Amino acid sequence: RNLLSYSEQLTNTAEAGSTRPWVVSAGANTVTSNYAQAPDGTNTANRFVFTSSSFPGRQQQIPVSLVAGQAYTFSIWIKRISGSNSGRLEISGGGGTVISGFQTITGTADWQRVSVTLTAVGSGTASAYVYPEYAASATGEYLLWGAQLETGSTATNYQKVVSSSDCTESGTSDLWFLSLA
């Protein structure tokens, strides 16, 4: 269900064989995996430290192709350590011909799950973006965890995705199967 790969490994930029790695863009001067306790109690939260930059710091992943007329919801957990935090969560692609829109977010000192829902106006590839600080020259420190992009108009239980055969959904029992592929 989660269309993103490496949903907890937001620093995974060069995983061997990865077709959809995360891209750390301008502004993120320090990115650390497994830095702090995540909402699920594991030590898998990613730390992002943003310092003055000419462009807002962001984290993005290019997911699978989107289908025209289909609603998509992008969600992520965020916690502000420091900074002013006027950020945003965005899905966009094709210069707006596939999908384009965002939700303003404000990080707090407590974990919160933020989401944005949009309907694709065309078919094609799009990116999922999170900007903890959206202003140019912004500074701050944030924890991010549990990215999810899914079809539908509401964020459902978070599903951890490591690979096509390694997915775990919160709030459900383990399900094991044998894959002959």
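Residues numbered from 1 in each chain as written. Predicted model: local features only at pLDDT ≥ 70, side-chain atom pairs only at ≥ 80, totals over all residues. Heavy atoms only, no water.

Enumeration over the complete set of coordinates arrives at three aromatic pairs. Here the aromatic rings of Tyr129 and Tyr131 are separated by 6.0 Å at their centres, their planes lie at 25°, and the arrangement is stacked. As far as the burial class goes, Tyr129 and Tyr131 line up, both buried. Relative to Tyr158, the ring of Trp145 has its centre 4.8 Å away and its plane inclined at 50°; by these criteria the two rings are tilted. Within this pair, whereas Trp145 is found in strand S10 (residues 140-151), its partner Tyr158 is found in the loop between S10 and strand S11 (159-163), the two being separated by 13 residues in sequence. Considered together, Trp145 and Tyr158 belong to a single accessibility category, that of buried residues. An aromatic cluster is present here, built from Trp77, Trp145 and Tyr158 joined pairwise through their rings. Above the plane of the ring of Phe102 lies Arg88, whose end atom (NZ or CZ) is 3.9 Å from the centre. For the cation-ring pair, Arg88 lies above Tyr131, with the distance from its terminal atom to the ring centre recorded as 5.7 Å. (Phe/Tyr/Trp six-rings, centres within 6.5 Å; stacked < 30°, edge-to-face > 60°. Buried < 20%, exposed > 50% of the residue type's maximum accessible area, 1.4 Å probe, protein only. Helix = DSSP H or I, 4+ residues; strand = E, 2+ residues; numbered from the N terminus. Lys NZ or Arg CZ within 6 Å of the ring centre and 35° of its normal.)

Moving on: the pairing of strand S6 (residues 87-93). By the criterion of burial, S6 is predominantly enclosed, with seven of the seven residues buried. Two strands pair when backbone bridges link them, and S6 and strand S9 (residues 127-131) are joined in this way by five bridges, in the antiparallel orientation. Residue pairing in the sheet places Arg88 in a bridge with Tyr131 of S9. (Pairing = 2+ DSSP bridges.)

As enumerated under the stated definition, the model contains three salt bridges in all. We note a salt bridge from Glu141 to Arg47, for which the minimum N-O separation is 2.8 Å. With Glu141 in strand S10 and Arg47 in strand S3 (residues 45-50), this pair connects stretches of sequence that are 94 residues apart. Of the two residues examined, Glu141 and Arg47, each falls in the buried class. (Salt bridge = Lys/Arg side-chain N within 4 Å of Asp/Glu carboxyl O.)

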